[in-house]
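Each chain, written out:
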Amino acid sequence: MFAYNPEKFASLYETELGQRIWAFLTQDDNVARLETASQLGKPAVEGIEEQLLAEFREDILADRVKQMVGHMVRQILEQRDWVLDQTDVKVQSVPFSKAARYRRPDWITFHAFRNTSDPRDVVITDRRQNAPLPTDARWSYYATFASPLKAAVAFGVRDIRQLRQHVHAHGYQRVRIERMLRRA
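Residues numbered from 1 in each chain as written. Predicted model: local features only at pLDDT ≥ 70, side-chain atom pairs only at ≥ 80, totals over all residues. Heavy atoms only, no water.

K.L.:
Report on helix α7 (residues 160–170), specifying residues and quantitative values.
P.N.:
Where α7 is concerned, the buried positions are I160, L163 and V167. With its buried residues spanning 55° around the axis, α7 presents them on a single face. In this structure, α7 carries R161, Q162, Q165, H168 and A169 as exposed residues pointing more than 90 degrees from its buried face. Among the structural elements, β3 (110–115), β4 (118–125), α6 (148–155) and β6 (173–176) are those in contact with the buried residues of α7. You can read the cap of α7 off the contacts: a side-chain oxygen lies 3.1 Å from the backbone nitrogen of R161, and it is on D159. The positive-phi residue at the C-terminal boundary of α7 is G171, with phi of around 95°. (Buried < 20%, exposed > 50% of the residue type's maximum accessible area, 1.4 Å probe, protein only. Helix = DSSP H or I, 4+ residues; strand = E, 2+ residues; numbered from the N terminus. Arc of directions from axis to C-beta. Contact = heavy atoms within 4.5 Å. Polar contact = N/O pair within 3.5 Å; in protein donor to acceptor, adjacent residues only side chain to side chain.)

K.L.:
I'd like a description of the layout of surface pockets, backed by residues and values.
P.N.:
Taken as a whole, the largest pocket encloses approximately 530 Å³ of empty space. In terms of lining residues, the largest pocket is bounded by 21 residues, among which K66, Q67, G70, K98 and A99 are the most central. When contributions to the lining of the largest pocket are tallied by element, the ones reaching two or more residues are α5 (63–79), β1 (83–90) and β2 (98–103). Partitioned by chemical class, the residues of the lining of the largest pocket number ten nonpolar, five polar and six charged. Of the pockets and cavities examined, the second largest pocket occupies roughly 350 Å³. Around the second largest pocket, the lining comprises 18 residues; the ones closest to its centre are G41, K42, R101, T144 and K150. Breaking the lining of the second largest pocket down by element, the ones donating at least two residues are β1, β2 and β5 (139–145). For the lining of the second largest pocket, the leading source of residues is β1, giving four residues. Partitioning the lining of the second largest pocket into residue classes produces six nonpolar, five polar and seven charged. Taken domain by domain, the lining of the second largest pocket gets at least three of its residues from each of domain 1 (7–102) and domain 2 (110–176). (1 Å grid on protein atoms, 1.4 Å probe; cavity = no way out; pocket = protein on both sides within 12 Å on 5 of 7 lines; lining within 4 Å. Points joined across faces, edges and corners; volume = space filled by probe spheres on them. Nonpolar A, V, L, I, M, F, W, Y, C, P; charged D, E, K, R; others polar. Domains from an automatic or database assignment.)

K.L.:
I'd love a proper account of the nonpolar core, names of residues and values included.
P.N.:
Counting 33 residues, the largest nonpolar core has I21, L25, L52, M68, V69, M72 and V73 as its most contacted members. Mapped onto this core, the elements with two or more residues apiece are α1 (10–13), α2 (16–25), α3 (28–39), α4 (49–56), α5 and β2. Ignoring anything within four residues of it in the chain, the contact list for M68 reads Y4, F9, L12, Y13, G18 and I21. Counting residues in each nonpolar core, the second largest holds 14 residues, with A143, F155, L163 and V167 among its members. (Core = buried A, V, L, I, M, F, W, Y, C linked by side-chain atoms within 4.5 Å.)

K.L.:
Tell me about the pairing of β4, and name the residues and values.
P.N.:
A regular strand places its side chains so that they alternate between the two faces of the sheet. Bridging between β3 and β4 involves five bridges; their strand directions are antiparallel. Within β4, the position partnered with R114 by the bridge is V122. When β4 meets β6, the two strands line up antiparallel, connected through four bridges. If you follow V122 over to β6, its bridge partner there is V175. (Pairing = 2+ DSSP bridges.)

Written as structure tokens, this is what we have:
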């Protein structure tokens, strides 16, 4: 199903460990974990770190092996129509400290800022630096998102294309985040 071009990892890939890692990563459940982590805007390997440790124990801790895992994951996800979003994303876990994050080609990265005096007042823009924010309030950076799922759940944005058009035309979109749970 998946093809792997080992390039600079050819000698490691040819070992029994390299073959086992490729077979492990291409299992349907592990591919689903990679995609789920990516859909959530997380580095893909966050979805499989526990399974990697359980399966390969300390063998997975070697830097060269972790680099090969990242190389393999990239090729798996690219064959599933994901694109590289960002490299060297900090990961607070074992075995990885940095990893790559992937996104769908049609996803757009947005940045959200909160009103410092009203945290439910949020502005969404396409720039984190020098963003054209409304001048009637002080704003603090809140979050970055690209997934339409995150846009819908966290910010109430139902139409990501309409959001993109509004941000392109006006520089930002202001939204009000209502409480999900009410006091009894």
